[in-house]
Amino acid sequence: MLKHPRTGQPFDSPVPPGSGWPGDPASPDTVQAADAEQVARLADQVESIDELDALISVCRACPRLVSWREQVAVAKRKSFAGQPYWGRPVPGWGAPKPKIVVVGLAPAANGANRTGRMFTGDRSGDQLYAALYRAGLVNQPTSVDAADGLSTKKIRIVAPVRCAPPGNSPTTTERNTCAPWIDAEWRLIAPHVRVLVALGGFAWQIALRMAADQLPKPKPKFGHGAVAELSPTLRLLGCYHPSQQNMFTGRLTPAMLDDVFGQAAQLAGLSG
Ligand code: SF4
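What you see is a predicted model, and the numbers here were worked out from it, not measured in a lab.

Asks: Tell me about helix 3 (residues 63-75), and please be specific about residues and values.
Replies: In a regular helix each residue adds 1.5 Å, so 13 residues correspond to 18 Å; helix 3 covers 18 Å between its end C-alpha atoms and thus fits that length. Where helix 3 is buried, its residues meet helix 4 (112-115) and helix 6 (172-189). Of the residues one or two after helix 3, lysine 76 is the one with positive phi, at around 60°.

Asks: Now, about the packing of helix 5 (residues 123-134) against helix 9 (residues 254-267): what can you tell me, with residues and values included?
Replies: Taken N-terminus to C-terminus, the directions of helix 5 and helix 9 make an angle of 50°; their axes are 9 Å apart at the nearest point. It follows that helix 5 is oblique to helix 9 by the angle criterion. Every pair of crossing elements has a handedness; the one defined by helix 5 and helix 9 is right-handed. Residue-level contacts link Gln127, Ala131, Leu132 and Arg134 of helix 5 to Pro254, Leu257, Asp258 and Phe261 of helix 9. The class makeup of the residues in the contact of helix 5 with helix 9 is five nonpolar, one polar and two charged.

Asks: Mind laying out the site of the ligand, listing which residues take part and the relevant values?
Replies: Around the ligand, a shell composed of 16 residues is seen, among which Cys59, Cys62, Pro89, Cys163 and Cys178 lie nearest. Secondary-structure elements contributing two or more residues to the shell around the ligand are helix 3 and helix 6. When residues in the shell around the ligand are grouped by element, the largest group, four residues, is from helix 6. Grouping the amino acids of the shell around the ligand by side-chain chemistry returns 12 nonpolar, one polar and three charged.

Asks: Explain the packing of helix 1 (residues 36-45) against helix 6 to me, and be specific about the residues and the numbers.
Replies: To describe two helices that pack against each other, one gives the angle between their axes and the distance between the axes. Packing of helix 1 against helix 6 brings their axes to within 8 Å, and their N-to-C directions diverge by 5°. Judged by the inter-axis angle, helix 1 sits roughly parallel to helix 6. Only Thr177, Pro180, Trp181, Asp183 and Ala184 of helix 6 make contact with helix 1, whose side of the interface consists of Ala36, Val39, Ala40, Ala43 and Asp44. Looking at the contact of helix 1 with helix 6 residue by residue, the class counts come to seven nonpolar, one polar and two charged.

Asks: Help me get a handle on the pairing of strand 8 (residues 234-239), residues and values and all.
Replies: Alignment of strand 6 (residues 195-199) against strand 8, held across five bridges, turns out to be parallel. Across the sheet, the residue bridging to valine 197 is leucine 237, located in strand 8. Pairing analysis gives four bridges linking strand 7 (residues 227-231) to strand 8, with the strands arranged antiparallel. Residue pairing for strand 8: valine 227 is matched across the bridge by leucine 237. Once strand 7 ends, the chain turns through two residues before running back antiparallel as strand 8.

Asks: Before we move on, can you summarise unusual backbone geometry with the specific residues and values?
Replies: Between serine 13 and the following residue, proline 14, the backbone shows a cis peptide bond with an omega angle of -10°. One can find proline 14 in the loop between strand 2 (10-11) and helix 1. At phenylalanine 119, a residue that is not glycine, the phi angle is positive and equals roughly 55°. Relative to the elements of secondary structure, phenylalanine 119 occurs in the loop between helix 4 and helix 5. In this structure, asparagine 168 takes a positive phi of about 55° despite not being glycine. On the secondary structure map, asparagine 168 appears in the loop between strand 5 (155-158) and helix 6. On the neighbour-count criterion, asparagine 168 (13 C-beta atoms within 10 Å) is partly exposed.

Asks: Tell me what's going on with helix 1, and back it up with residues and numbers.
Replies: Within helix 1 the residues assigned to the buried category are Val39, Leu42 and Ala43. One side of helix 1 carries all its buried residues, which in axial view fall inside an arc of 100°. Along helix 1, the residues that are exposed and aim more than 90 degrees away from the buried face are Glu37, Arg41, Asp44 and Gln45. The inward-facing, buried residues of helix 1 contact helix 2 (49-57) and helix 6.

Rules used in this analysis
- Residues numbered from 1 in each chain as written.
- Predicted model: local features only at pLDDT ≥ 70, side-chain atom pairs only at ≥ 80, totals over all residues.
- Helix = DSSP H or I, 4+ residues; strand = E, 2+ residues; numbered from the N terminus.
- Expected span 1.5 Å × (residues − 1).
- Contact = placed C-beta atoms within 7 Å.
- Axes fitted to C-alpha atoms, helices over the stretch in contact; angles between N-to-C directions.
- Parallel < 35°, antiparallel > 145°, perpendicular 65-115°, else oblique.
- Left-handed = near helix turned anticlockwise from the far one by under 90°.
- Nonpolar A, V, L, I, M, F, W, Y, C, P; charged D, E, K, R; others polar.
- Near = placed C-beta within 6 Å.
- Pairing = 2+ DSSP bridges.
- Buried ≥ 20, exposed ≤ 12 C-beta atoms within 10 Å, placed from the backbone.
- Arc of directions from axis to C-beta.

See below:
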């Protein structure tokens, strides 16, 4: 067992459900979905965000992804060799009644798969949370681990695939298997949401599909800074993904992130 870098509590990797990891929504009794059919059934029945987070965090429906996330949790990146790894699916993070929802892709193997929290512990997350802080949407500019005090009442961050995939590439089957989780999340939070921010073209497609009953024609196209009105009360904003490559090459800059999240805050009635 290794000690959590902030709390000092020792954990196995992957972390057993309900063993005291900061923010772990599950208990040892939380039902584990074993295949696509069970994901669909459990997601369809879920009635609260807390329950949904717990179910997602113990899901084992995609054999290849379960194996990969747990292998990474045991092998660990050299720089994190002294830390326990979460090694489980990563549920959505943030407010249960958000005005703004950020749609990402999938957890990073040594980021969220290590810390157990969306975009936490990797370079993309460093850029994203710093921008969210500058826009007044989270309480601190850094996101290091799940016990660092980060909080928000304004936003929620979700992803269409909840387990770290090899090569950052989930298969179509894995995406389809995981889809009921994000659909259930949208069902529970949609009444509160005024703005969706899609991080990249794939997230844009996911966001359009989530809000499909309100889809305008022609189908809006992704672009950085693109704005689509999905209904009189719901807008979708496009933003390049704050990946290391996009930031390093200058395709996406902190100022560009500020423009998107400043606009999102304004459209959601959260600025000023
Ligand atoms: S990717 Fe989604 S459906 Fe597949 S095991 Fe992870 S949480 Fe479950």
